[in-house]
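Examining the three-dimensional arrangement
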Amino acid sequence: MNLKLGVNIDHIATLRNARKAAYPDPVDAAAVCLASGANFIVAHLRKDERHITQKDIAQLCKLFPKKIHLECAATDFAEKIVLKYKPYSVCIVPEVPGEVTTTGGLKFTPAVQKRIFSMIEKLHKKHILVSLFVDPVAADLRTAVRLGADMVELCTRQYSEAKTPKQAQKCVQELALSALLAQELGMQVHAGHGLDYHNVLAIADIGGISCMNIGFAIITRSLFAGLPSAVEEMKNLL
Ligand code: PXP
C-alpha cells in the first residue's frame, strides 16, 4: 500500500512565535512540504494559539484546499473556526492546557462522546472528514465508529516511548490488531505521535494504515538537512 505522509508544521510556528516575528511562515513550510512529497499538512490549533494561529489556518485552508488536516479539541472555539475555514479533514484530540504535546487518545466519557457526536454531525454537513485520535484499544475504536468518525488516528506514543524491544513489539501488536479492527469497522486508519526516522518502519509495515502524521522528527531534522530533504527522506521510508 502507498502510505501517505501528513507533515505537522506546528513547530515552524513555534519558532516564529518564539521571536514574535513574521517568519518562518508555516504557510511557506506547507508549500515546501507538499512540493517535497507530503500528502497532507497537519496543524494543531490550540485554544491558546501558542503555535498555529487562526490566521495561519485561514491562509492554509485558502491556499491548500484538500490538503489541510486540522487537529483540534472538541470545543466551541475550535468548532467555530473549523466551520469557518473548512479544512479537508479534522482530527479531534484531547487538549489539556499547558501540556507540552498531546499525551494520548481521547477519553470517551459520556460528556465527551456527546460533544464529539454533535461536532461530527456539524462537520459532516460541511463535508469535512473527521478523524478521532484514539489509543489502540478495541472499545475506543467501537466508540469512534458509533460517533460517526470517518477515520481514527492510532496514538503511537506508547510505542515510541517503549523502553525495551519487547515492549515495542507488544505495542506494534496492539496497533496492528487495532488497525485491523478499525478497517473492519469501516474506518480509515492513521497513526502518529513520536514517530521518527528510526521507529517508523515497524509501524509502516502494519497493513491497513493509510497515513502517518509526523511532526517533531521532520521539523527538527530540517534544521540540519533542510525541509525538502527531511520530508523526502521520510516519504521514501514509507
Ligand atoms: N498526531 C497527533 C494527533 C498529534 O497530536 C501529534 C502532535 O501534535 C502528532 C500526530 C505528531 O506528533 P510528533 O510531533 O511527535 O510527530
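Residues numbered from 1 in each chain as written. Predicted model: local features only at pLDDT ≥ 70, side-chain atom pairs only at ≥ 80, totals over all residues. Heavy atoms only, no water.

Considerations on the side chain of Thr53
Convention followed: Working definition: helices are DSSP H or I runs of at least four residues, strands are E runs of at least two. Numbering for both runs from the N terminus. Between buried and exposed lies partly exposed: a residue is buried under 20% and exposed over 50% of the maximum accessible area for its type, with that area taken using a 1.4 Å probe on protein chains only.
On the secondary structure map, Thr53 appears in the loop between strand S2 (40-44) and helix H3 (54-63). When its relative accessible area of 19% is taken as the criterion, Thr53 is described as buried.

Topic: the site of the ligand
Convention followed: For this description, a residue counts as near a given molecule or strand if any of its non-hydrogen atoms is within 4 Å of it. We define a polar contact as two N or O atoms separated by no more than 3.5 Å, with the added condition that, inside protein, one atom must be a possible hydrogen donor and the other a possible acceptor, whereas residues neighbouring each other in sequence contribute only through side-chain atom pairs. For accessible areas, the Shrake-Rupley method is used with a probe of radius 1.4 Å. Any residue's cover is judged against the shown protein chains and nothing else. Residues are grouped as follows: nonpolar covers Ala, Val, Leu, Ile, Met, Phe, Trp, Tyr, Cys and Pro; charged covers Asp, Glu, Lys and Arg; every other residue, Gly included, is treated as polar.
Inspection of the region around the ligand gives 13 residues, with Thr102, Glu153, Gly194, Gly215 and Phe216 positioned closest. Contacts to the ligand include Gly194, whose backbone N or O atom sits 2.8 Å from an oxygen atom. Relative to its unbound accessible area of 390 Å², the ligand is 93% covered by the protein chains. Split by residue class, the shell around the ligand holds 4 nonpolar, 7 polar and 2 charged.

With respect to the packing of helix H4 (residues 76-85) against helix H5 (residues 110-125)
Formally: Helix axes are fitted only over the stretch in contact, all axes being lines through C-alpha atoms; the angle between N-to-C directions runs from 0 to 180 degrees. In this scheme, roughly parallel covers angles under 35 degrees and roughly antiparallel covers those over 145, while 65 to 115 is roughly perpendicular and the rest are oblique. Throughout, a residue-residue contact means that at least one pair of heavy atoms, one from each residue, lies within 4.5 Å.
Where H4 meets H5, the closest approach of the two axes is 11 Å, and the angle between their N-to-C directions is 10 degrees. By the angle between their axes, H4 is roughly parallel relative to H5. Residues Asp76, Glu79, Val82 and Leu83 of H4 touch H5, and the partners they reach there are Arg115, Met119, Lys122 and Leu123. Here the residues of the contact of H4 with H5 sort into 4 nonpolar, no polar and 4 charged.

Notes on the nonpolar core
Inside soluble globular proteins, nonpolar side chains tend to come together where they are buried. Quick note on the threshold: Nonpolar core, defined: a set of buried Ala, Val, Leu, Ile, Met, Phe, Trp, Tyr and Cys residues in which side-chain atoms within 4.5 Å join the residues together.
Judged by nonpolar contacts, the single largest core of 72 residues is most densely connected at Ile9, Leu132, Ile203, Met212 and Ile218. Discounting chain neighbours no more than four positions away, the residues touching Leu132 are Cys91, Ile92, Leu106, Phe108, Ile116, Ile120, Ala144, Leu147, Ala149, Met151, Val152 and Glu153.

Side note on the confidence of the model for the protein
Counted only if it meets this: pLDDT is a residue-level measure of predictor confidence that goes from 0 to 100.
Predicted confidence across the protein gives a mean pLDDT of 94, with 100% of residues reaching 70 or more. Per-element averaging of pLDDT across the protein places helix H1 (residues 10-18) at the bottom with 94 and strand S5 (residues 129-134) at the top with 98.

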